[in-house]
Amino acid sequence: MILLDGKYTASQIRAELKAKVDAFLAAGHRAPCLGIVIVGHNPASETYVANKMKACAEVGIVARKIALEDTVDEAELLSCVTQLNSDASIDGFIVQLPLPPHISEQRILSAIDYRKDVDGLTAENIGRTVQGLPSIVSATPRGISELLCRYHIPTEGKHVVVIGRSNIVGKPMAILLMQRPYLLLPKMSAAAVGNATVTICHSKTQHLKDICLTADIIIVAAGSPGLLKADMVPEGATVIDVGITRVDDPASPKGYRLAGDVDFENVAPKCAYITPVPGGVGPMTIVSLLSNTLQAYEIHR
Ligand code: NAP
């Protein structure tokens, strides 16, 4: 069994991104700039934003944080998005989710210019990905694609089971995997996975175990700790665990630990490759936001 080390792979990609940024600066260009909008004081969101800003600093991307109180109304947030769309000094920006319940995430995301949508969540970017057009792919599927490519795990002709159908992970992941890879332009898109036969599963799927047992690669993004058990995994499979759920753990100093969707201890011995949680998909997601920002910078420059 080989552990897919997202932490190490992400550090390698950060070094590559830093070299690219340094080359742009040496050629007299300005540094790439990422805007990060955060509304309110959700502790998990604040941690994610802090991690993203730290990662930006490491590669030389300027991160500009726009912190709004959770009393902000939808019109004010929309106006903030409009300003960021037209701010030529910002290459891309994200609106950290979730938003407070009085604001429609759908309306906010729809207002983002897709060329600056470095989270890859606008209907335009998702639609372009479906059509095989140059697009910005959401960070988690991009990160998983990079991980598979860098470990030389082929997807062509393989049966990939994706558990989860969210707009942010499951759906775009399935699209990338079933695409003809040559339709994705190298400068604009994620690493080339594709040509797989994909089955998408969700909470209403029947016979999940039987479906998983026919998989070469299983990607679980359900947010259900320990969902994927050893008796659901064929010998020699590759398992990618996207899940991150905080579960109470009195033994941990924080009072909780992060749990994946895979029963790692029992599944890992059956696998050819498997991602750990933490240290697998998580770091790849953060570094992919940086890759997307550089992609947007290269388009705008
Ligand atoms: P989501 O929007 O809640 O979607 C979860 C999906 O899983 C839904 O499609 C749901 O089915 C399906 N599902 C839930 N329980 C299931 C079950 N028992 N059997 C089969 N399918 C089931 O979640 P998400 O945003 O995609 O995130 C999923 C997990 O990944 C969460 O733990 C999240 O924290 C984590 N995540 C991690 C990263 C990272 O960087 N590592 C990034 C993003 C998300 P229905 O559609 O039928 O409800």
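Please refer to the structure placed before this passage.
Residues numbered from 1 in each chain as written. Predicted model: local features only at pLDDT ≥ 70, side-chain atom pairs only at ≥ 80, totals over all residues. Heavy atoms only, no water.

Caption draft 1: Here's a closer look at the site of the ligand. Inspection of the region around the ligand gives 20 residues, with Arg165, Ser166, Ser203, Ile244 and Thr285 positioned closest. Contact distances for the ligand include 3.3 Å between a nitrogen atom and a backbone N or O atom of Val242. For the ligand, an oxygen atom lies 3.0 Å from a polar atom in the backbone of Ile244. Within the complex, 68% of the 920 Å² of free accessible area of the ligand lies under protein. Of all the elements, helix α10 (residues 281-300) adds the most residues to the shell around the ligand, at 3 residues. Within the shell around the ligand, the residues separate by chemical class into 9 nonpolar, 10 polar and 1 charged. (Near = heavy atom within 4 Å. Polar contact = N/O pair within 3.5 Å; in protein donor to acceptor, adjacent residues only side chain to side chain. Areas by Shrake-Rupley, 256 points an atom, 1.4 Å probe, with all protein chains shown as cover. Helix = DSSP H or I, 4+ residues; strand = E, 2+ residues; numbered from the N terminus. Nonpolar A, V, L, I, M, F, W, Y, C, P; charged D, E, K, R; others polar.)

Caption draft 2: Structural view of the pairing of strand β3 (residues 62-68). Pairing of strand β2 (residues 33-39) with β3 involves 7 bridges; the strand directions are parallel. Within β3, the residue paired with Ile38 across the bridge is Ala67. Taken together, β2, helix α2 (residues 43-59) and β3 form a β-α-β motif whose crossover is right-handed. (Pairing = 2+ DSSP bridges. Right-handed = clockwise from strand over helix to strand, strands pointing away.)

Caption draft 3: Just unusual backbone geometry, in detail. Following Leu97, the chain continues into Pro98 via a peptide bond in cis, with omega recorded as 0 degrees. Residue position: Pro98 is located in the loop between β4 (92-95) and α4 (105-111). Between Val277 and the following residue, Pro278, the backbone shows a cis peptide bond with an omega angle of 0 degrees. In this structure, Pro278 sits in the loop between β11 (271-274) and α10. Here the phi dihedral of His152 falls at roughly 55 degrees; this positive angle occurs in a residue that is not glycine.

Caption draft 4: Representation of the nonpolar core within the structure. Ile144, Leu177, Ile219, Ile240, Val242 and Leu290 are the most contacted members of the largest nonpolar core, which has 44 residues in total. Only α1 (6-26), β2, α2, α6 (139-150), β5 (159-163), α7 (170-178), β7 (217-220) and α10 provide two or more residues apiece to this core. For this core, the leading source of residues is α10, giving 8 residues. Dropping the residues within four chain positions of it, Ile240 is found in contact with Leu4, Ile144, Leu148, Ile218, Ile219, Val220, Thr275 and Val281. Core analysis: the second largest hydrophobic core is formed by 19 residues, Cys201, Leu228, Val262 and Cys271 among them. (Core = buried A, V, L, I, M, F, W, Y, C linked by side-chain atoms within 4.5 Å. Buried < 20%, exposed > 50% of the residue type's maximum accessible area, 1.4 Å probe, protein only. Contact = heavy atoms within 4.5 Å.)

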